[in-house]
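Residues per chain, in single letters:
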Amino acid sequence: MKREVSVPRSRAALHAVLGGWGVDQDALESAELVLSELVTNALRVPVPSDRQVGVRISRAPAAGLLRLEGSDAGAGKPEVRVP
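Residues numbered from 1 in each chain as written. Predicted model: local features only at pLDDT ≥ 70, side-chain atom pairs only at ≥ 80, totals over all residues. Heavy atoms only, no water.

As a further point, take the overall build of the protein chain. When helices and strands are tallied, the protein chain shows 2 helices and 2 strands. In the protein chain, the succession of helices and strands from N to C terminus is α-α-β-β. Within the protein chain, contacts between residues separated by at least 24 positions form 49% of all contacts whose residues are at least 6 apart in sequence. Between the averaged position of the 11 positive side-chain charges in the protein chain and that of its 10 negative side-chain charges there is a distance of 5 Å. (Helix = DSSP H or I, 4+ residues; strand = E, 2+ residues; numbered from the N terminus. Contact = heavy atoms within 4.5 Å. Lys, Arg positive; Asp, Glu negative; His and termini not counted. Charge placed at Lys NZ, Arg CZ, Asp CG, Glu CD.)

In structure tokens:
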């Protein structure tokens, strides 16, 4: 799926999930930016054109945490870097 479709589709899914959880607008906007970057990065990986990009959205309400994960079919492994 092309970036032109994948990023908006992932944002729509995010809005549906976070809206159902009652997440505030500031958190929603930050999550939208992060998820857009994750999906865009996953689409830049050189793999066959029929690959899929995975997205996982989860939360730990007691800790006030929201977790966004993206995956792709690339052979590389993620590198944790210091921001």
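From this point, the narrative continues.
Let's shift gears to the nonpolar core. Among the nonpolar cores identified, the biggest contains 10 residues, and these are Val7, Leu14, Leu18, Leu28, Ala31, Leu35, Val39, Leu43, Ile57 and Leu68. Elements supplying a minimum of two residues to this core: helix H1 (3–21) and helix H2 (25–43). In terms of residue count, the dominant contributor to this core is H2 (5 residues). When sequence neighbours within four positions are dropped, the list of residues in contact with Val39 reads Ser6, Val7, Ser10, Val53 and Val55. (Core = buried A, V, L, I, M, F, W, Y, C linked by side-chain atoms within 4.5 Å. Buried < 20%, exposed > 50% of the residue type's maximum accessible area, 1.4 Å probe, protein only.)

Sheet analysis places strand E1 (residues 54–60) next to strand E2 (residues 65–71), joined by 7 bridges and oriented antiparallel. Its bridge partner lying in E2, Ser58 is registered against Arg67. Two successive antiparallel strands, E1 and E2, enclose a turn made up of 4 residues, where Gly64 displays a positive phi of approximately 70 degrees. (Pairing = 2+ DSSP bridges.)

What follows covers H2. Under the 1.5 Å per step criterion, the end-to-end length of H2 is 27 Å for 19 residues, consistent within 8% with the ideal 27 Å. Capping of H2 at its N-terminal end is provided by Asp24; its side-chain oxygen lies 3.1 Å from the backbone amide nitrogen of Asp26. (Expected span 1.5 Å × (residues − 1). Polar contact = N/O pair within 3.5 Å; in protein donor to acceptor, adjacent residues only side chain to side chain.)

Turning our eyes to something else, we now look at the pattern of salt bridges. All chains considered together, the criterion is met by 2 salt bridges. One salt bridge connects Glu69 with Arg56, and the closest N-O pair in it is separated by 3.6 Å. Taken together, the positions of Glu69 in strand E2 and Arg56 in strand E1 put the pair 13 residues apart, joining distant regions of the chain. When the shortest N-O distance is used, the salt bridge between Glu69 and Arg67 registers 2.5 Å. The structure contains a network of salt bridges with shared partners spanning Arg56, Arg67 and Glu69. (Salt bridge = Lys/Arg side-chain N within 4 Å of Asp/Glu carboxyl O.)

Moving on: the environment of Leu43. You can see Leu43 is positioned in helix H2. With 25 residues separating them in the primary sequence, Leu43 and Leu68 have C-alpha atoms 16 Å apart.

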